[in-house]
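Coordinates in review
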Amino acid sequence: MKIKNIQDITLPPSGGMVIFVSGVTGQDGSHMVDYLLKNVPEATIIGGARRLSVDNHDNIVHLEHEPRFQLVNFDLTDSHSIYKLMEYAKPDYFINFAAQSFVASSWDFARQTWQTNSTSILDCLEAIKRLKPSCRFYNAGSSEEFGNVIVTPQNETHPPRPRSPYGASKAAARTLIKVYRESYGIYAVQGWLFNHEGPRRGKEFVTRKITTNVVRIKNEIDAALNSLPDGVASFDWKVTPIELGNIDACRDWSDAEDMVDAVWRMLNQEVYNSSHLGYATLTGGRFTPEWTKLYVGQGMVKDYVCSSDVNHSIRDFVTEAFKVAGIEGRWFINMKNEPLSERFVYVDGGIPVPDVVLVRINPQFYRPAEVETLRGDSSAIRKELGWNPKTNFNELVKKMVTSDLSQVKKV
Ligand code: F7E
């Protein structure tokens, strides 16, 4: 897909709304653009992505001929890039999904994680302050900020107790955002987004790692069974198992498409919060910089927890994903009850086949420090901003496995 330089962006006539979404080739950025195209018809949408030698545009190929969307070369870690964007495009909204988002890598690349997720947010806030203080800013926050939780479920009052450089970097960004909101009246928010997934999720995250491998294993099983002579039952065949780390970790998983709706609501709280509607009415639905400043200054703008409010272990996700693919399996532990020996084995006609291992544990995927359990309490955003997520856990797993199965069929 053609990528422009910032100075080549085509801007709407004066007064037209401009929305900038960074990290647009990722899961959340691409869904955000789809959401805005559908729900904010008056906006010109600019997506920012780094120009890489290898094309990573799979999540946005469908936008190639979309007249309201332009893709620009943008790097969050280069402050010049941020200033150029703010100076030239002067967006009304800056929605930041660019990040070092893989928690496991944050121990290996702690400085780069900090640079991208914290220092760059400071650069964004400064650029907004200097060049367009009325620009509304969203930064992707995370349940990883809660980390070593002291109470379940976690809501907005839970203190930050991060367990990874990633969690620490997002907690730092949150503090900066609050400082800029309170010091300068900038409408800047950072939601605590719990895990959110879908067919566009990167394959290094555990859910998509599982769904893509379930599909691979399904094909291996089908090929093995089809090669047996009619009427012969044999389990001399093997599959290459999925290797996972801590399968006991519990996460609160939502659909990424539901999450981008929450983001837009957080960016327009006076529209969605019925007790704030006076602000929307006073401005005739379009927010002047003066009104925005007053609204923010009165402490009306809040960060919200966004979650499904239900959690499941990685092992639950595995079982459900295989079930959706039509494969029955069972968790199996050896007689000595050693945890790392645990495996998920194929079940044929109700009988486990211990030699056909579908999933096994590889300690390589354990983290130096783990967040064992996360479960959100999103009652505030549901009540105050009317957020109503549509997809539950089983539907999400089904959506992901079904999508990965259909990709295989296309090849
Ligand atoms: O791990 C365990 C792993 O990498 C989930 C990001 O979007 O959500 C995401 O962070 C759990 C962890 O996501 C494997 O130890 C076991 O307990 O899918 P994940 P994450 O670390 O929770 C938060 C909210 C964000 O903000 C992040 O940006 O699964 N796990 N075995 C494994 N994880 C991976 N990746 N691979 C495994 O083999």
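What you see is a predicted model; the values in this text were computed from it and never measured. (Residues numbered from 1 in each chain as written. Predicted model: local features only at pLDDT ≥ 70, side-chain atom pairs only at ≥ 80, totals over all residues. Heavy atoms only, no water.)

A look at the packing of aromatic side chains
Applicable threshold: Between rings of Phe, Tyr and Trp, where Trp is taken as its six-membered ring, a pair exists when centres lie within 6.5 Å; planes separated by under 30 degrees are stacked, by over 60 edge-to-face, and by other angles tilted. The helix and strand labels rest on DSSP assignments: H or I over at least four residues marks a helix, E over at least two residues marks a strand, and numbering proceeds from the N terminus. Only protein chains enter the accessibility calculation, which uses a 1.4 Å probe. A residue is then buried if its area is under 20% of the maximum for its type, exposed if over 50%, and partly exposed in between. Working rule: Lys NZ or Arg CZ, within 6 Å of ring centre, within 35 degrees of ring normal, means a charge sits over the ring.
In this structure the tally under the stated criterion is 16 aromatic pairs. Note on Phe 97 and Tyr 138: the rings are 6.1 Å apart at their centroids and 55° apart in plane angle, and the pair reads as tilted. Of this pair, Phe 97 sits in the loop between β4 (93-96) and α3 (110-131) while Tyr 138 is found in strand β5 (residues 136-142), placing the two residues 41 residues apart along the sequence. Of the two residues, Phe 97 and Tyr 138, neither departs from the other in class, the shared state being buried. A connected cluster of aromatic rings, assembled from ring pairs, spans Phe 20, Phe 74, Phe 94 and Phe 137. Seen from the ring of Phe 205, Arg 201 lies directly overhead, with NZ or CZ sitting 3.7 Å from the centre.

Details of the sheet that holds strand β8 (residues 242-244)
Either a parallel or an antiparallel arrangement is found when strands of a sheet pair, and the pairing is made through backbone hydrogen bonds. What counts, and what does not: Pairing between two strands is assigned when DSSP locates at least 2 bridges connecting them. For every element, the axis is a line fit to its C-alpha atoms; helices are fit only across the contacting stretch, and the angle between N-to-C directions ranges from 0 to 180 degrees. By definition, residues are in contact when any of their heavy atoms lie within 4.5 Å.
Here we have four strands laid out as an open sheet, ordered β8-β15-β14-β13, and mixed in their pairing. The strands lining the two open edges of the sheet, one partner per strand, are β8 and β13 (329-332). The sheet shows a mean angle of 40° between the axes of neighbouring strands, taken without regard to direction. Running over the sheet, helix α5 (residues 206-226) touches β8, β14 (343-348) and β15 (351-361) and is turned about 155° from β8.

Some thoughts on the nonpolar core
Counted only if it meets this: Nine residue types can take part in a nonpolar core, namely buried Ala, Val, Leu, Ile, Met, Phe, Trp, Tyr and Cys, and a core is a set of them joined through side-chain atoms within 4.5 Å.
Grouped together as the largest cluster of nonpolar side chains are 43 residues, with contacts concentrated most on Ile 19, Met 32, Leu 36, Ile 95, Tyr 138 and Met 266. Looking at which element gives the most residues to this core, the answer is helix α6 (residues 256-267), with seven residues. When near neighbours in sequence (up to four residues on either side) are disregarded, Met 266 contacts Tyr 138, Tyr 187, Val 189, Gly 191, Leu 193, Tyr 304, Cys 306, Ile 381 and Leu 385. Val 214, Val 239, Leu 358 and Leu 396 belong to the second-largest nonpolar core, a separate cluster that totals 34 residues.

Thoughts on the packing of α5 against helix α10 (residues 314-324)
Inclusion rule: Crossing chirality is assigned from the near helix's rotation relative to the far helix, an anticlockwise turn below a right angle marking it left-handed and a clockwise turn marking it right-handed. Residues were grouped as follows: Ala, Val, Leu, Ile, Met, Phe, Trp, Tyr, Cys and Pro as nonpolar; Asp, Glu, Lys and Arg as charged; and all remaining residues, including Gly, as polar.
In contact at an axis separation of 10 Å, α5 and α10 are set at 35° when each is read in the N-to-C sense. The chirality of how α5 crosses α10 is right-handed. Contact residues: Val 206, Thr 207, Ile 210, Thr 211, Val 214 and Ile 217 in α5; Ile 314, Phe 317, Val 318, Ala 321 and Phe 322 in α10. Residues belonging to the contact of α5 with α10 are distributed by class as follows: nine nonpolar, two polar and no charged.

Take it as geometry only, folks, not as evidence of what the structure does.
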